[in-house]
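Coordinate analysis (summary)
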Amino acid sequence: GGIVYVVAAGADVGTGPAIPAGCAPWTMSTDHTDAVMAFVAAPVIAGATTLGLTADLTSKVEAGTETHSRAETFVAYLGAYVAYAVLVTDPGASGPPLEQGFASNLLVETVSAIRS
């Protein structure tokens, strides 16, 4: 139902980036794919700055058919570390999609593992 990526890396990221006030969703396009990106609520993790983003993608394939994918990215800035969890829905997957909040919860578990 999806492809999951999790990364934890040493990096002097400090408190992480600040999202500019009023930052609105934005779009990107290529030859056959349009994407709409937006900030979403990220999990609250004590002692970390977190960020949540979604990308909703529409790809045009043969005979005008469209496929729809979604990528959810959640990032935690932990001073000397950065961790992120990404879930990409796979429109051709044989199984059901992973539940809402899967990537967000995975980030929380990743940060917990880093700290232990």
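One structure accompanies this document, and this report is about it. (Residues numbered from 1 in each chain as written. Predicted model: local features only at pLDDT ≥ 70, side-chain atom pairs only at ≥ 80, totals over all residues. Heavy atoms only, no water.)

With that out of the way, let us pick up the pattern of salt bridges. Under the counting rule described, the total for this entry stands at 3 salt bridges. Residues Asp56 and Arg70 are paired through a salt bridge, measuring 2.7 Å at the closest nitrogen-oxygen approach. Here Asp56, found in strand E4 (residues 49-60), pairs with Arg70, found in strand E5 (residues 66-77); they are 14 residues apart in sequence, far enough to count as distant. Taking the relative accessible area as the measure of exposure, Asp56 reaches 31% and is therefore partly exposed. A salt bridge links Glu72 to Arg70, with the shortest nitrogen-to-oxygen separation between them at 3.4 Å. The exposure class of Arg70 is partly exposed, given its relative accessible area of 28%. What emerges from the salt-bridge pattern is a single network uniting Asp56, Arg70 and Glu72. (Salt bridge = Lys/Arg side-chain N within 4 Å of Asp/Glu carboxyl O. Helix = DSSP H or I, 4+ residues; strand = E, 2+ residues; numbered from the N terminus. Buried < 20%, exposed > 50% of the residue type's maximum accessible area, 1.4 Å probe, protein only.)

Take the side chain of Glu72 next. Looking at the secondary structure, you find Glu72 in strand E5. Residue class for Glu72 comes out buried when judged on its relative accessible area of 10%. Side-chain polar atoms of Glu72 contact the side chain of Arg70, separated by 3.4 Å. Every residue in contact with Glu72, bar those within four places of it in the chain, is listed here: Leu53, Thr54, Ala85, Val86, Leu87, Gln100 and Ala103. (Polar contact = N/O pair within 3.5 Å; in protein donor to acceptor, adjacent residues only side chain to side chain. Contact = heavy atoms within 4.5 Å.)

By size, the foremost hydrophobic cluster in this structure holds 12 residues: Ile45, Ala48, Phe74, Ala76, Leu78, Ala83, Ala85, Leu87, Ala103, Leu106, Leu107 and Val111. When residues of this core are traced back to their parent elements, those giving at least two are E5, strand E6 (79-89) and helix H1 (102-115). Of all the elements, H1 adds the most residues to this core, at 4 residues. Setting aside its immediate chain neighbours within four residues, Leu106 contacts Val4, Val6 and Ala85. (Core = buried A, V, L, I, M, F, W, Y, C linked by side-chain atoms within 4.5 Å.)

With that settled, the discussion passes to the packing of aromatic side chains. This model, assessed by the stated rule, comprises 1 aromatic pair. Each ring, one from Trp26 and one from Phe39, has its centre 5.7 Å from the other, and the planes form 55°; the classification is tilted. Placement of Trp26 in strand E2 (residues 26-29) and of Phe39 in strand E3 (residues 33-40) is noted, with a sequence separation of 13 residues between them. For Phe39, a relative accessible area of 28% puts it in the partly exposed group. (Phe/Tyr/Trp six-rings, centres within 6.5 Å; stacked < 30°, edge-to-face > 60°.)

Relative to the helices and strands, Gly1 is located in the segment before strand E1 (2-14). For Gly1, a relative accessible area of 31% puts it in the partly exposed group. Sequence separation between Gly1 and Thr67 is 66 residues; the distance between their C-alpha atoms is 14 Å.

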